[in-house]
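Summary of structural features
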Amino acid sequence: MAETMAKEKNANHPVPDSEDVILIQGARMHNLKDITVAIPRNKLVVVTGVSGSGKSSLTMDTLFAEGQRRYAESLSAYARQFLMRMDKPDVDFIKGICPAIAIEQKVTTRTPRSTVGSMTEIQDYLRLLFARIGKTYSPVSGKLVKKDEVSDVVDFIGKLPEGSRLQIIVPFETYSDRSFKEELNILLQKGFSRLLKIDRKTASPERIEDLLEQNEAQGKKTTFYLLIDRIVTRSDFDEDDWHRIADSIQTAFYESNGECQLYLEIPGEQAKITVFNNRFEADGIVFDEPTPNLFSFNNPVGACPVCEGFGQVLGIDEDLVIPDKRLSIYEDAVACWKGEKMREWKNEFIRVEGANGFPVHKPVKDLNDAQQKTLQKWIDDFFRMVEENLYKVQYRVMQARYRGRARCPNCHGTRLKPEALYVKVGGSDIAQLSDLPVSELKSWFLKLKLTNHEATIAKRILREIEQRLDTLLNVGLSYLTLNRLANSLSGGESQRIQLTKFLGSNLTDSLYILDEPSIGLHPKDTARLIAVLKRLRDLNNTVVVVEHDEMMMAEADHIIDMGPLAAHLGGEVIAAGSYREILHTPESLTGKYLSGRLKVEDFAQEEHRAGKKIKPGFLTIEGCRQHNLKDITVSFPLNKFCVVSGVSGSGKTTLVRQTLYPALQKVLGLGMDKPGAFDKLSGDWQDIQQVELVDQNPIGRSSRSNPVTYIKAYDEIRSLFAKQKKAKINGLEPKHFSFNVDGGRCDTCKGEGEVVVEMQFLADIHLKCESCKGKRFKDEVLEVKYHGRNIYEVLEMGVDEAIGFFEEEPSVVKKLTPLSEVGLGYIKLGQSGTTLSGGEAQRVKLASFLAHGKSQEKILFIFDEPTTGLHFHDINKLLHAFNKLLAAGHSLIIIEHNMDIIRNAEWIIDMGPEGGKGGGHVLYAGAPDGLKDVTESQTAKFL
């Protein structure tokens, strides 16, 4: 019966009855309208539709959740006693599902110990490579540190000329608690009979029994060696002879704790001693034998003991001491050597080191390593003097001024103990390889030359490393280094790194669900990402991608278009089929945009200035050289829609977020974050009173943070409920309708609506609170209703629904409307901030500013990829929101890859030409039309 009804309901989208599909029947999660949909197995499937149309409800909350639930049922009874309480997705049944892996667009880790290398597992394979074929070199002499085995000594003897006389000896030592004669007696008991006495010309064996009769003092004055064996080399040594020689060598190593010496008398040559050592030492240093843990900064064996593997310590910040490395010592490069008294240090440095040939007029950045060390030694001595005088207040102020997160002086930021860096492969240590961008690291491995023996050992390791490097290159991350911190990655970068890890595992017959993997990718790199996804599909996996990118849709095997609109107006399958079929489906909003029947509007560039006299202005930041920026000077227009474009890794984020934003905060007195290296900020910065970075970080760290609280609309709603008759009878005030304070919230879950069960072997499990059944409030609070709805039911409403519900309360509607205007009409008022995507969190922040747009302050807004998660239809709404900000007299700087946004810009700053070291240049700055003539620009080719 259920199947018949479902087929009638989906008559427009017939479901193939085949073993080659994953069949979802009767899905009702969130806003899904009891839909039935078939996903072809072993295909690349794109699920698209406007924001809030039900894409994630179908893929993540239904398909992935059921895949996880079925996996959990295969676990032990102990695990299942918790897992059986997990909610089953609201769906009739899912047929043909396979093991599911979800790769979300979230930065999955905040720990400073996680890096790109550890996330992709390349670091693990590198550690294994260095442990297995790495060669240790002495930091004193630079010679190879090697353990001599018995076979090495045997081979050496085998190559000696015939008739050579050799004696296998070890140094004879007496211990402080034993006499000379006691030592001799012990040797006799062990079966030895002779010591060798060596003077300048000859070596004479002495019988131990004869030495026992000598005066003890006389014996102690002579240097003796214990004679193990005497041999005259022959070409006809048989197997027994070689066994005897090997046994004697082994005895020598044992008796001397690792040392075997040969006294050689080769015909025609002067007698000499050759020393072999089976201890891992050289130049008087005992080295650690390479093991994988020696190369891990997350393991006590390999971590630097000073910074414990973090690479930084609290100390004197080099960038504060020498803020501009383009200055020379003579030009006051060392900031702390200024002033009447401290200048004496600079004068003394010039007098002493200048006489020794130090180039005091040379920029600090051009000094060689030896000169840098000399300067550093003087700076260290200066701050040692400061420490000795900390009882004086001026010296305490001096130390505080230059104190900060400094590079660890012991490991110099490599995070590893020095012993790990003595080990090299192909002439490089593991820290040097971790510092290389992925593109250069790939080239290094291609040029690596190994012996046949090393190649045999490393064959499988190198295959795993190269496969992961190729994937990183193919997903547009060629500019990243392995030591890049995971918590500094964007959501899109993090997702593509996880994709690299899963591809490296070569799983087959699995279901991969990806949430907008093209985020943060320039169109140039999207084609390579598609090739990676197709490779995943060709391993007999089903790849389901939630995506808005036109290139991705054109290359998909199957498209499912959700809609028709968002929230309660969505949740249906509007179209399903090939790219061509979607184009010609009249009901499909996506098809209309793809076919050109609908377009993202071209906004009149002066629309927001109509009838207003706005003074044009510019901010200019000079000498930007952080990371890969090539000492560039860039001017940003004020009161305009300015877009910063360029391929991934070209320097956009470094320029805007890491240099301009903190530099502006500093001059406006709004923040203390240290900006990236630059020389000067000039222009009309006095014309702005505030700078706001609207990024994709969550709107709050607690699960109790939500959109309605963030935009300050919840205060109005709580007051409204407190005015109801039932609330007055029960003595309830506005505070009782808050889940952030005690009183009205559930005492068991503290207003969270769920409790967390910690699992030792799985991720923590979030279960619905049994006291309040997930409703977050006490029963007496839930009894209070406004127009038939209690506070929990209001928080479960979508924004658009709530605007209609509160139509009699203009103050509430006024605060909720900006959320709808930025395309978030579908999100729930009380939706946990931690469940919002990066793009949604960013647009909630934008809505908050729009809600308070009447401010007299002129604000410079910086947006980092605001189109994340937006359908073509929603980009129109975003552009309208931007125009509202411009109309209020604010300024916009937007980092973006989306061509519709770039096309609507009034000013474009295009970075490039490539990512990583190949980027960092300004290719173009001006009106969009002029960019088309820049042949180097990748953006121009797609514009």
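Residues numbered from 1 in each chain as written. Predicted model: local features only at pLDDT ≥ 70, side-chain atom pairs only at ≥ 80, totals over all residues. Heavy atoms only, no water.

All chains considered together, the criterion is met by 29 aromatic pairs. Relative to Phe 805, the ring of Tyr 786 has its centre 5.7 Å away and its plane inclined at 80 degrees; by these criteria the two rings are edge-to-face. With a gap of 19 residues between them, Tyr 786 in the loop between helix H28 (779-782) and helix H29 (791-795) and Phe 805 in helix H30 (residues 799-805) connect regions that are remote in the sequence. Of the two residues, Tyr 786 and Phe 805, both sit in the buried class. Seen from their ring centres, Tyr 786 and Phe 806 are 5.8 Å apart, and the 15 degrees between their planes marks the pair as stacked. Placement of Tyr 786 in the loop between H28 and H29 and of Phe 806 in the loop between H30 and helix H31 (810-821) is noted, with a sequence separation of 20 residues between them. Taking relative accessible area as the criterion, Phe 806 reaches 0% and is therefore assigned buried. Ring pairs connect the aromatic residues Trp 337, Trp 345, Phe 349, Phe 358, Trp 378, Phe 382, Phe 383 and Tyr 402, which therefore count as one cluster. Over the aromatic face of Phe 310 sits the side chain of Arg 113, whose NZ or CZ is 4.2 Å from the ring centroid. The residue whose ring lies beneath Arg 776 is Phe 739, and the NZ or CZ to ring-centre distance is 4.1 Å. (Phe/Tyr/Trp six-rings, centres within 6.5 Å; stacked < 30°, edge-to-face > 60°. Helix = DSSP H or I, 4+ residues; strand = E, 2+ residues; numbered from the N terminus. Buried < 20%, exposed > 50% of the residue type's maximum accessible area, 1.4 Å probe, protein only. Lys NZ or Arg CZ within 6 Å of the ring centre and 35° of its normal.)

Turning our attention to the sheet that holds strand E2 (residues 35-40). In spatial order, the strands read E2-E1-E4; together these three strands make up an open sheet with antiparallel pairing. Taken across any chain shown, the strands that pair with only one partner, and hence form the sheet edges, are E2 and strand E4 (93-95). For this sheet, the mean angle separating the axes of adjacent strands, direction not counted, is 10 degrees. Note: strand E1 (residues 21-27) against E4, three bridges, orientation antiparallel. Pairing of Ile 24 across the sheet is with Ile 94, part of E4. Set on the sheet, helix H2 (residues 55-72) makes contact with E1, E2 and E4; between it and E1 the angle comes to about 110 degrees. (Pairing = 2+ DSSP bridges. Axes fitted to C-alpha atoms, helices over the stretch in contact; angles between N-to-C directions. Contact = heavy atoms within 4.5 Å.)

Pairing in this open sheet of three strands is antiparallel, and the strands run E24-E23-E26 from one edge to the other. Only two strands of the sheet have a single neighbouring strand rather than two, namely strand E24 (632-638) and strand E26 (680-683). Here the average twist between neighbouring strands, direction ignored, is 20 degrees. Helix-sheet contacts for helix H24 (residues 652-667) involve strand E23 (617-624), E24 and E26, and the interaxial angle to E23 is about 115 degrees.

What follows is about the pattern of salt bridges. Overall, the coordinates contain 57 salt bridges when judged by the stated rule. Residues Asp 241 and Arg 234 are paired through a salt bridge, measuring 3.2 Å at the closest nitrogen-oxygen approach. Notably, a salt bridge pairs Asp 742 with Arg 745, separated by 2.9 Å at the nearest N-O pair. Assessed through its relative accessible area of 8%, Arg 745 is described here as buried. (Salt bridge = Lys/Arg side-chain N within 4 Å of Asp/Glu carboxyl O.)

What follows concerns the environment of Pro 662. The topology assignment puts Pro 662 in helix H24. For Pro 662 and Asp 673, which are eleven residues apart along the polypeptide, the C-alpha to C-alpha distance reads 5.8 Å. Leaving out residues up to four positions away in the same chain, Pro 662 has contacts with Arg 657, Asp 673, Lys 674 and Pro 675.

Every buried residue of helix H26 (residues 714-722) is accounted for by Tyr 714, Ile 717, Arg 718, Leu 720, Phe 721 and Ala 722. Tucked into the core, H26 has its buried residues touching helix H25 (707-710), helix H27 (725-729), H29 and H31.

Another point: the packing of helix H32 (residues 838-851) against helix H33 (residues 872-887). It is at 10 Å that the axes of H32 and H33 come closest, and there the two elements cross at 40 degrees. In this structure, H32 crosses over H33, and the sense of that crossing is left-handed. Here Arg 843, Leu 846 and Leu 850 of H32 lie close against H33, whose contacting residues are Leu 878, Ala 881, Phe 882, Lys 884 and Leu 885. (Left-handed = near helix turned anticlockwise from the far one by under 90°.)

So, about the confidence of the model for the protein. When pLDDT is averaged across the protein, the result is 87; 93% of the residues are at 70 or more. Low confidence marks residues 1-12, where pLDDT is under 50. Its contacts with residues over four positions away, or in another chain, come to nine contacts. (pLDDT = per-residue confidence, 0-100.)

Moving on to the packing of helix H17 (residues 438-447) against helix H18 (residues 452-474). Between H17 and H18, whose axes approach to 10 Å, the crossing angle comes to 145 degrees. Seen from above, H17 lies across H18 with left-handed handedness. Judged by residue contacts, Val 438, Ser 439, Leu 441, Lys 442 and Phe 445 of H17 engage Leu 462, Ile 465, Glu 466, Leu 469, Asp 470, Leu 472 and Leu 473 from H18. Its residues assigned to classes, the contact of H17 with H18 comprises eight nonpolar, one polar and three charged. (Nonpolar A, V, L, I, M, F, W, Y, C, P; charged D, E, K, R; others polar.)

Moving on to unusual backbone geometry. Of the consecutive residues Gly 563 and Pro 564, the connecting peptide bond is found in the cis state with omega at 0 degrees. Inspection of the secondary structure assignment puts Pro 564 in the loop between strand E21 (558-563) and strand E22 (572-577). Gly 912 connects to Pro 913 through a cis peptide bond whose omega is 0 degrees. Tracing the chain through its elements places Pro 913 in the loop between strand E32 (907-912) and strand E33 (921-926).

So, on to the side chain of Asn 706. Tracing the chain through its elements places Asn 706 in the loop between strand E27 (690-694) and H25. Looking at Asn 706, its side chain comes within polar contact range of the side chain of Thr 709, at 2.6 Å. If sequence neighbours within four positions are ignored, Asn 706 has contacts with Ile 699, Phe 739, Leu 829, Gly 830, Gln 831 and Gly 833. (Polar contact = N/O pair within 3.5 Å; in protein donor to acceptor, adjacent residues only side chain to side chain.)

A few words on the state of the cysteines. Each disulfide consists of one covalent bond between the sulfur atoms belonging to two cysteines. Counted according to the given criterion, the structure contains zero disulfides. Looking at the unpaired Cys 307, the closest cysteine sulfur is the one in Cys 411, lying at 3.7 Å. According to the relative accessible area criterion, Cys 307 is buried, its value standing at 5%. Cys 749 forms no disulfide, and the closest cysteine sulfur to it belongs to Cys 772, at a distance of 3.7 Å. (Disulfide = S-S within 2.5 Å.)

One can find Asp 561 in strand E21. Residues Asp 561 and Val 573, spaced twelve residues apart in sequence, show a C-alpha to C-alpha distance of 6.0 Å. Leave out the neighbours within four places in its chain, and Asp 561 touches Thr 48, Gly 49, Glu 572, Val 573, Ile 574, Ala 575, Ile 582, Ser 588, Leu 589 and Thr 590. Looking at Asp 561, its side chain comes within polar contact range of the side chain of Thr 590, at 2.9 Å.

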